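Structure at a glance
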Amino acid sequence: MIAIVDYGAGNVTSVKRALEHIGRECSVTADSAALERAERIIVPGVGHFRATEAFASTGLGAALEREIAQGTPVLGICLGMQWLFESSDEAPELSGLAVFRGRCQAFPVTVKSPHVGWDQLEIGGTSRLLAGLSSGVFVYFTHGYAAPLVKETVARCSYGAPHTAALERGNLFAVQFHPEKSGDAGLAILENFCTC
Amino acid sequence: MLSKRIIACLDVDAGRVVKGVSFRDLRDAGDPVELAQRHSAAGADEIVLLDISATRRGRRTALEVVRRAGRELFIPFTVGGGIASLAQAAAVIEAGADKVAVNSAALENPHLIEAIATRFGSQAVVVAVDAKRRRDGSSWDVWSASGSRPTGRDVLAWVREAKERGAGEILLTSMDRDGTKAGFDCELTARVSVAVRIPVIASGGAGGAEHFACVFREGRADAALAASVFHYGLGSIRRLKHLLLEQGIPVRLPC
């Protein structure tokens, strides 16, 4: 069973439907105990960084931290990825989980913001999550802040400046784009996560 | 590179696509979900479902369509038409839409933009603007109520305000070009695109591939929307995208 963490930041329904479409059982939950029982965990999210406050106030953050430490496969999507960094300029007063170093920053003024639409992945190195996909593949992004490049980055996107589009470390995976809204390429990524 | 988006718009009345369609192998040419899937397979980057139902019952049926579309569509889709409150926006998003388009209600009550953006994020709020050129040609006015009522507001001022209030994208329709197949209003689109730093979707006037190329280049549009032209004039979105790619315009080709 895949647990989709519902912390009130939207798009849980579309993630659930995409998983159902590829034949994976999943349930939406806001219960820390359900995360312990889950084989895999997806942390979706879209919207303002402030929505991640719910992690701290509900104990979900601590539960997720435990699962990440134990090696349960976890996939963060969009805000669910940014929250794994130290902080975001979108809500500087809040802290992220700081699994990855650095802070998420606004786009340079030379480009429109938010970054909305289908953009290309520049895949570097080997990635279990992106297995079968080639550099240049288009996926759907919608975000106003971007995560820095880190040594765990496996795909970047160059919009304004290069930023992390996907990263992985052991069984922890995260993507800035929305695999549940990225057509066949996105469904392939979700399928990869389910078999990682 | 960020691609230019081609958005297919379906006008839905009481759960059925109005405006004729000519796909021969569709089981049901009036079913919005089947058509939307068809567009998605042909390479549409996004789907807009515009509910033009005049009755409450028709709108309830439309919500059912949104629910079904959410189960079958794995590209972004926006729902617009008559959304007048946060509760209505929430119902549509909870049914499966990724974004809502607001128009007349946002003009009457601009706080609606803030309310939806605060609850669901700016990326979920598309502000639709119906623009008509003033008689003297100097600027454009915003019209409301499906383009039947002039508001006296200046388009550029309104899109700036909408952006400040939390709009994530602007869906800009040229009333002068809508239905003419004479091409998008590139001048209007460019003015709006420069006025706000958020993405602008051009609409109204699509007739041929050259119109899309023009609105992406001269109009600086981030996306272009059309409805019937994908059924008649242009063959399919796939062909349109190949033509645009030949002209050096970045588009995403379907798998």
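Before reading on, note that the structure itself is shown above.
Notes on the structure in this doc start here. All values reported here derive from a predicted model rather than from experimental measurement. (Residues numbered from 1 in each chain as written. Chains lettered and ligands numbered in written order. Predicted model: local features only at pLDDT ≥ 70, side-chain atom pairs only at ≥ 80, totals over all residues. Heavy atoms only, no water.)

Observations concerning the sheet that holds strand β10 (residues 145–146) of chain A
All names here are of chain A. A sheet is described by the order of its strands in space; here three strands give the open sequence β5-β6-β10, paired in mixed fashion. Two strands in the sheet have a free side with no partner beyond their single neighbour: β5 (87–88) and β10. As paired strands, strand β6 (residues 103–106) and β10 are joined by two bridges and run antiparallel to one another. Residue Ala106 lies in a different strand from β10, and its bridge partner there is Tyr145. (Pairing = 2+ DSSP bridges. Helix = DSSP H or I, 4+ residues; strand = E, 2+ residues; numbered from the N terminus.)

Considerations on the side chain of Arg5 of chain B
Topologically, Arg5 of chain B is positioned in strand β1 (residues 5–13). A polar contact is formed between the side chain of Arg5 of chain B and the side chain of Glu46 of chain B, at a distance of 2.9 Å. A polar contact of 2.9 Å, which involves the side chain of Arg5 of chain B, links it to the side chain of Glu169 of chain B. Those residues in contact with Arg5 of chain B that lie beyond four places of it in its chain are Val116, Gly117 and Trp118 of chain A together with Asp45, Glu46, Lys99, Glu169, Pro199, Phe216, Asp222, Ala223 and Ala224 of chain B. (Polar contact = N/O pair within 3.5 Å; in protein donor to acceptor, adjacent residues only side chain to side chain. Contact = heavy atoms within 4.5 Å.)

Some thoughts on unusual backbone geometry
Among all residues except glycine, the phi angle is most often negative; among peptide bonds, the trans geometry is most common. Geometrically, the link from Ser113 of chain A to Pro114 of chain A is a cis peptide bond, its omega value of 5 degrees lying close to zero. Note on placement: Pro114 of chain A falls in the loop between β6 and β7 (115–120). For Ala98 of chain A, which is not glycine, the phi torsion reads 60 degrees and is therefore positive. Take Ala98 of chain A: it is sitting in the loop between β5 and β6. Positive phi, normally seen in glycine, also occurs at Ala145 of chain B, with a value near 55 degrees. With respect to the secondary-structure elements, Ala145 of chain B resides in the loop between β7 (140–144) and β8 (149–154). Residue classification places Ala145 of chain B among the partly exposed residues on the basis of a relative accessible area of 24%. (Buried < 20%, exposed > 50% of the residue type's maximum accessible area, 1.4 Å probe, protein only.)

A few points about the packing of aromatic side chains
All names here are of chain A. Within the structure shown, the criterion is met by eight aromatic pairs over all chains. Between the aromatic rings of Phe107 and Tyr159, the centroid separation amounts to 5.3 Å while the plane-to-plane angle is 85 degrees, which identifies the pairing as edge-to-face. Remark: Tyr159 occurs in strand β11 (residues 153–159) and Phe107 occurs in the loop between β6 and β7; sequence separation between them is 52 residues. The exposure classification of Phe107 matches that of Tyr159, with both residues buried. Ring geometry for Phe173 against Phe193: centres 5.9 Å apart, planes inclined by 80 degrees, an arrangement best described as edge-to-face. With Phe173 in strand β13 (residues 172–175) and Phe193 in helix α6 (residues 183–195), this residue pair connects regions lying 20 residues apart in the sequence. (Phe/Tyr/Trp six-rings, centres within 6.5 Å; stacked < 30°, edge-to-face > 60°.)

As for the sheet that holds β11 of chain A
Residue and element names in this part refer to chain A. The eight strands lie next to each other as β2-β1-β3-β4-β13-β12-β11-β8, forming an open sheet whose pairing is mixed. Two strands close off the open sheet at either side, each with one partner strand: β2 (26–29) and β8 (122–123). Contacts from helix α1 (residues 12–21) reach β1 (2–5), β2, β3 (40–43) and β4 (74–77) within the one sheet, and its direction differs from that of β1 by about 160 degrees. Its contacts with the sheet put helix α4 (residues 60–70) on β1, β3, β4 and β13, and the angle it makes with β3 is roughly 135 degrees. (Axes fitted to C-alpha atoms, helices over the stretch in contact; angles between N-to-C directions.)

Thoughts on the interface of chain A and chain B
Listed by partner, the interface residues are 30 residues for chain A and 34 residues for chain B. Carbon and sulfur atoms supply 56% of the area buried between chain A and chain B, which totals about 2400 Å² over both sides. Interface area lost by chain A to chain B is led by Arg17, Lys112 and Trp118 of chain A, which between them contribute 32%. The interface formed by chain A and chain B includes two salt bridges. (Buried area = accessible area lost by both parts, 1.4 Å probe. Salt bridge = Lys/Arg side-chain N within 4 Å of Asp/Glu carboxyl O.)

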